[in-house]
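Close look at the chain arrangement
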Amino acid sequence: MKSISRRTAIKAVLAGSAAMAVSGVEAATPAKKKKVEKPEPLKGNIRHSVSKWCFGSYPLDEFCEICKNIGIESIELLDPKDWPVVQKHGLTVAMAQGAGLGIDRGFNDPKLHDELVASYEQVIPMVAEAGLTNLICFAGRRNGVTDLQGWENCEKGLKRLIPIAEKYNVVLTMELLNSIGHKDYLCDHTVWGAELCRRIGSPNFKLLYDIYHMQIMEGNVIDHIRKYHQYFSHIHTGGVPGRAEIDETQELYYPAIMKAIVETGYKGFVGQEFVPAQEDKIASLEKCIRICDV
């Protein structure tokens, strides 16, 4: 290896000193912080809610904070013990549960009326005391009855509860479900549910219009919303097929559906009830909220 000349050594030292000097100047100069863009606030035309069961792995307290940061106002389909947890975070429960005998055993079966009425009579005052409004109920399985018999059976049982629902200003809300996934479920078409509302004739009985379920059963979602929105106290979303995200992976265009909802003057909540297929469930939830924020 050739020996390094004095001139070369001096040049190397000077170059190193200069580099250190520059480095020192840079170190002394505070780095400029990158400007973090805050997400735009939601428009407020849609009142956003989300079903907790779709995000079951998150503790409720943590999930409340996540939803609040996104701009979601409600976490729904929760039992009475969970209502105070949500409310302490400044959120509400747009659709309460805790009464009844489940999806399959509902008001279509007269043999269950006494048990159902006793259950709802206990929970309705609790809903009111918590400052909530909507309490979910179900028609149950068809069990071989005709549409007419189903209307008569449900009307008979539900009318026993209307006086207490009116007294406490609680809205009994029957969910529209598809009868393929929920085999033999009776209240599986919007027209059927709307006729039951007409027969009961009280603002304290309405429908939960589930877009996912009704797309499976009948389609024509926007037209049904325009025709029957006065009977809806709550709305659910969900991607078809598969109940995943309500984005470009499925067959409905949700911005148009949300605009149709806003145009009707509907003032209730829209609850996200999709099961995230993406790995980042919270990013998925925020994305779907933004899709609906028209």
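Residues numbered from 1 in each chain as written. Predicted model: local features only at pLDDT ≥ 70, side-chain atom pairs only at ≥ 80, totals over all residues. Heavy atoms only, no water.

1. Regarding the layout of surface pockets
Picture a little ball the size of a water molecule; that probe, rolled over the atoms, points out where space is still empty. Computed from the structure, the largest pocket encloses a volume of approximately 260 Å³. Lining of the largest pocket is provided by 17 residues; of these, Trp53, Leu77, Gln97, Ile103 and Glu273 occupy positions nearest its centre. Roughly 210 Å³ of volume is contained in the second largest pocket. Considered class by class, the residues forming the lining of the second largest pocket number 6 nonpolar, 6 polar and 3 charged. (1 Å grid on protein atoms, 1.4 Å probe; cavity = no way out; pocket = protein on both sides within 12 Å on 5 of 7 lines; lining within 4 Å. Points joined across faces, edges and corners; volume = space filled by probe spheres on them. Nonpolar A, V, L, I, M, F, W, Y, C, P; charged D, E, K, R; others polar.)

2. Structural notes on the pattern of salt bridges
In this structure the tally under the stated criterion is 15 salt bridges. Of the charged contacts, one joins lysine 81 and aspartate 82 as a salt bridge, the two residues approaching to 3.3 Å between their closest N and O atoms. Via salt bridges that share partners, Glu155, Lys159, Glu195, Arg198 and Arg199 belong to a single interconnected network. (Salt bridge = Lys/Arg side-chain N within 4 Å of Asp/Glu carboxyl O.)

3. A word on the environment of isoleucine 164
Position of isoleucine 164 relative to the elements: it lies in helix α6 (residues 162-168). Placed 39 residues apart in sequence, isoleucine 164 and proline 125 show a C-alpha to C-alpha distance of 8.4 Å. Among all residues touching isoleucine 164, those that are not within four sequence positions of it are Glu121, Ile124 and Pro125. (Helix = DSSP H or I, 4+ residues; strand = E, 2+ residues; numbered from the N terminus. Contact = heavy atoms within 4.5 Å.)

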